[in-house]
Every structure is written in C-alpha cells, then in structure tokens.
Amino acid sequence: MALPINALGNTELQVSKIGLGLAALGRPGYINLGHGDDLAHDYVVDAMEGRTHRMLDLAYEKGVRYFDAARSYGRAEQFLHSWLKKQSSTDIIVGSKWGYIYTAEWKIEAEAHEIKRHTIEVLEKQWTESNILQPQLKLYQIHSATFESGVLENTAVLHKLAEIKSTGTAIGLTLSGTNQAEVLEAAMLERVDGVHLFDTVQATFNILEQSAENALRQASEAGMGIIIKEALANGRLTPRNKKEGFAPTKAQLEAILETENISMDMLSLAFVLSKPWVDTVLSGAAVEAHLSSNLAAGRVELSPESLAHLQSLSQDPKTYWEERKSMTWN
C-alpha cells in the first residue's frame, strides 16, 4: 500500500506522510546508535554514494516523495543530486537546510563535525550550493534556529529568505534543544514587509520528547507545514539502546509491542503519525531493512490505550537533550 500524500501545511507542496532524511547517509560520522555498523564501516565515497542511491531507490519505490538534506550532511546534497539526475518523475519534493558548515573532513572522529554560522554570507553561499538540487528543491530551511544565534533578528538574513520565498521556494526553520516551542512561537510572528516568512517547521518530537506538542499543533492550525525529525530519538527508541536508565521505559514499550505485534521503530513512528498535526515524519534509516520497517509504520493504527500509555512516557526536556548531547558520533 502506497504512503499517503498530503499537503505540507498551506503550501502547494504535496509530500508523503513519511520522508527520508539523509543525515545518516551523507557522511561517515553521525550520532545514531550503531551508525558505523549500518554503513558496514565502509566510508569510501563511491560506496556511500551507491548505498545512498539504493536507499533512495527503495524509498521512492515504496512511495516516499519527500527527501531531506542539508549543507552540513557531508556529501548528502551531492549524492541526492546525482540520483535526481537519473529521475524523470515530477512528484519528488526536496527540502534542504543552511546554517551549519560541515567540518569533519570525512572523518569519524573530529573536533567538530559541524559548526553553526547563521550569517548572511553563509546563507548566500550555501543557497547557491544547494541549487544543484533544482528543480526539485522546493523548501529551504534555517538549520537549527535558536535565540542564541540571533538568526530571527538578523535583518539581512530575513530579507534574503524573503527574496528566496518570492521565487516560489517555501521557507522553513528547524528546531533543536529545550526551547523548541519558544523559538517556534517567535518564528510564527516573523514578517518581512508584512508577509509571514516561515511556511514550515521541522522539530524533534517522539515518545521521549513531547515538549513542543502544543506549539506544533498551534503552528499547524495557523497553516504551517509540520515536519518531524528524530522520531526514533537517534536510536534510543530501538533495541540498540542498552543504557540501564532506559530499561523501565523499554519494559513499558515491550508490553505495548507485544499487544500491538509490531517492532519498536514502527511503534515509535506510528505514535508520531497518530498526531493529526503532523504532515510528514522523517525516517533516518541507513539500511534497507530498517527503511522498510520504518515505512511499514504508515499502515499502523495504535489503540487508544497504547497511545495514552506512550503519551505518559515523555521525559523532562532537559534530561532528554542532555542525553542526546552525550551521545558519541560513530
């Protein structure tokens, strides 16, 4: 059964209910648990490009029509570009992001894998670079907008984004950290020359991190497209999570898994998909079997009892983001 296709907020973009994010496919190092094993520790560029193309082929075959990249995802945009050149389909929607510079130099261990730079110079440079994804590039987003970076108050950046929007490209922002809701609320008020700037928001939301739910629902009601990332909490909501502190929650999940007769990744994604305000949720899979399992979540309808139980498992945001920060790139 094909994935449902729906509008991304009030934009004219039609996206699949599950999309594919390329954060784990475009570079050797990432923070997903077991990432190195997923790549079979084969970091040769041609091998990684071939793997990415196979994942994109499978995703498209199974109904994925939304693909997510970023300038800081190593060679993700280049890998996606070389795949798109072989496609004749007109229903593919690509979203990419600017604001981080990839600095790991194709290494697993690096002093810094990416550095945030929310300046007009970086926006202009990276927008030009991201244009290799045209004509499928329909959404351009600030990568991890925060109050600390000052990007929502940078007049030059905001006017440049408005200029890009005037050419027909939707403009969005992605969120991260404990104050996702507050940043989103501020972004919803952002106007340039009287016009609302942001068409979409991409936020972290999952069983463990539900703090932005009310803000995301309100954004959806206001017409913004809602994209959800990290539905599996970078692997923490999979059997790969062996941390002792996770055991009580894992036990609770396993009881629901037995009742629902599905895998943990399907449960986690189905929980996100149960929210009527979600337009699309990203799979971050780097292995074909994982992607197939992720996409099967699109056919799952959880019972009201399971949903209520999962809703009760949310962590304190500070705890969640401290644990995420402690995860190692691999």
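Residues numbered from 1 in each chain as written. Predicted model: local features only at pLDDT ≥ 70, side-chain atom pairs only at ≥ 80, totals over all residues. Heavy atoms only, no water.

**Student:** Can you walk me through the sheet that holds strand E5 (residues 93-98) in this structure?
**Tutor:** Strands in a sheet are paired, the pairing made by backbone hydrogen bonds, and the direction either parallel or antiparallel. With respect to topology, eight strands assemble into a closed barrel ordered E3-E4-E5-E8-E9-E12-E13-E14, the strand pairing being parallel. The sheet shows a mean angle of 30° between the axes of neighbouring strands, taken without regard to direction. Inspection of the sheet shows strand E9 (residues 170-174) paired to strand E12 (residues 200-204) by three bridges, in the parallel sense. Across the sheet, residue Gly172 finds its bridge partner in E12, namely Thr200. Contacting E5, strand E8 (137-142) and E9, helix H5 (residues 155-166) crosses the sheet at an angle of about 135° to E9. Packing against the sheet, helix H7 (residues 213-221) makes contact with E12 and strand E13 (225-229), and its axis sits at approximately 145° to E13. (Pairing = 2+ DSSP bridges. Helix = DSSP H or I, 4+ residues; strand = E, 2+ residues; numbered from the N terminus. Axes fitted to C-alpha atoms, helices over the stretch in contact; angles between N-to-C directions. Contact = heavy atoms within 4.5 Å.)

**Student:** Explain the pairing of E8 to me, please; I cannot follow it from the model alone.
**Tutor:** Here is the key point about a regular strand: its side chains alternate between the two faces of the sheet. When you tally the buried positions in E8, you get five out of six residues, the bulk of the element. Examined bridge by bridge, E5 and E8 share five bridges and lie parallel to one another. Considered in E8, the bridge of Trp98 is made with Ile142. One ladder, built from four bridges, connects E8 with E9; its direction is parallel. (Buried < 20%, exposed > 50% of the residue type's maximum accessible area, 1.4 Å probe, protein only.)

**Student:** How should the packing of aromatic side chains be read in this particular structure?
**Tutor:** Aromatic rings considered in pairs are described by the distance between their centres and by the relative angle of their planes. Per the stated rule, a full pass over the model turns up seven aromatic pairs. Measuring from ring centre to ring centre gives 5.9 Å for Phe205 and Phe271, while their planes differ by 10°; the resulting arrangement is stacked. Placement of Phe205 in the loop between E12 and H7 and of Phe271 in helix H9 (residues 264-273) is noted, with a sequence separation of 66 residues between them. Following the ring pairs from residue to residue traces out a cluster consisting of Tyr60, Phe67 and Trp83. The lysine or arginine in question, Arg75, covers the ring of Trp106, its NZ or CZ lying 5.3 Å from the ring centre. Positioned above the aromatic ring of Tyr320, the side-chain terminus of Arg236 is 4.1 Å from the ring centre. (Phe/Tyr/Trp six-rings, centres within 6.5 Å; stacked < 30°, edge-to-face > 60°. Lys NZ or Arg CZ within 6 Å of the ring centre and 35° of its normal.)

**Student:** Before we go on, may I ask you to explain the pattern of salt bridges in this structure?
**Tutor:** Here the idea is simple: oppositely charged side chains can pair when their charged atoms come close. Scanning all chains against the criterion turns up 14 salt bridges. The residue Lys160 makes a salt bridge to Glu163 at a minimum N-O spacing of 3.3 Å. Of the two residues, Lys160 and Glu163 are both situated in helix H5; the distance of three residues between them amounts to about one turn of the helix. A relative accessible area of 16% places Lys160 in the buried class. (Salt bridge = Lys/Arg side-chain N within 4 Å of Asp/Glu carboxyl O.)

**Student:** Just checking my understanding: could you explain unusual backbone geometry for this structure?
**Tutor:** For residues other than glycine, phi is negative in most cases, and the peptide bonds are mostly trans. In this chain, Gln134 is followed by Pro135 through a cis amide linkage whose omega measures 5°. With a phi angle near 55°, Glu105 is a residue other than glycine that sits in the positive phi range. Examined against the element boundaries, Glu105 turns out to sit in the loop between strand E6 (100-102) and strand E7 (114-116).

**Student:** Sorry, what's going on with the packing of helix H4 (residues 120-130) against H5 here?
**Tutor:** If you want to describe how two helices pack, look at the angle between their axes and the distance between the axes. Running from N to C, H4 and H5 cross one another at 25°; their axes reach a closest spacing of 9 Å. Overall, the two elements H4 and H5 adopt an arrangement that is roughly parallel. Helix-helix and strand crossings are classified by hand; for H4 and H5 the assignment is right-handed. The residues of H5 that touch H4, namely those facing Ile120, Leu123, Glu124 and Trp127, are Ala156, Val157, Lys160, Leu161 and Ile164. (Parallel < 35°, antiparallel > 145°, perpendicular 65-115°, else oblique. Left-handed = near helix turned anticlockwise from the far one by under 90°.)

**Student:** Can you help me understand the nonpolar core in this one?
**Tutor:** The tendency in soluble globular proteins is for nonpolar side chains to be buried side by side. In this structure, Leu173 and Leu216 are the most contacted members of the largest nonpolar core, which totals 97 residues. Broken down by element, this core gets its largest block of residues, eight residues, from H9. Excluding its chain neighbours within four sequence positions, the residues that come into contact with Leu216 are Leu184, Val201, Ala203, Phe205, Ile226, Ile228 and Trp277. If you look at the next biggest cluster of nonpolar residues, it comprises nine residues, including Ile93, Leu139, Ile227 and Leu282. (Core = buried A, V, L, I, M, F, W, Y, C linked by side-chain atoms within 4.5 Å.)

**Student:** Please explain H9 as it appears in this structure.
**Tutor:** Helical geometry: 3.6 residues make up each α-helical turn, so side chains three or four residues apart lie on a common side. Within H9, ten of the ten residues are buried, leaving the element largely enclosed by the surrounding structure. Those residues of H9 not exposed but buried are Met264, Asp265, Met266, Leu267, Ser268, Leu269, Ala270, Phe271, Val272 and Leu273.

Honestly, that's just the spatial picture; any functional story needs more than this.
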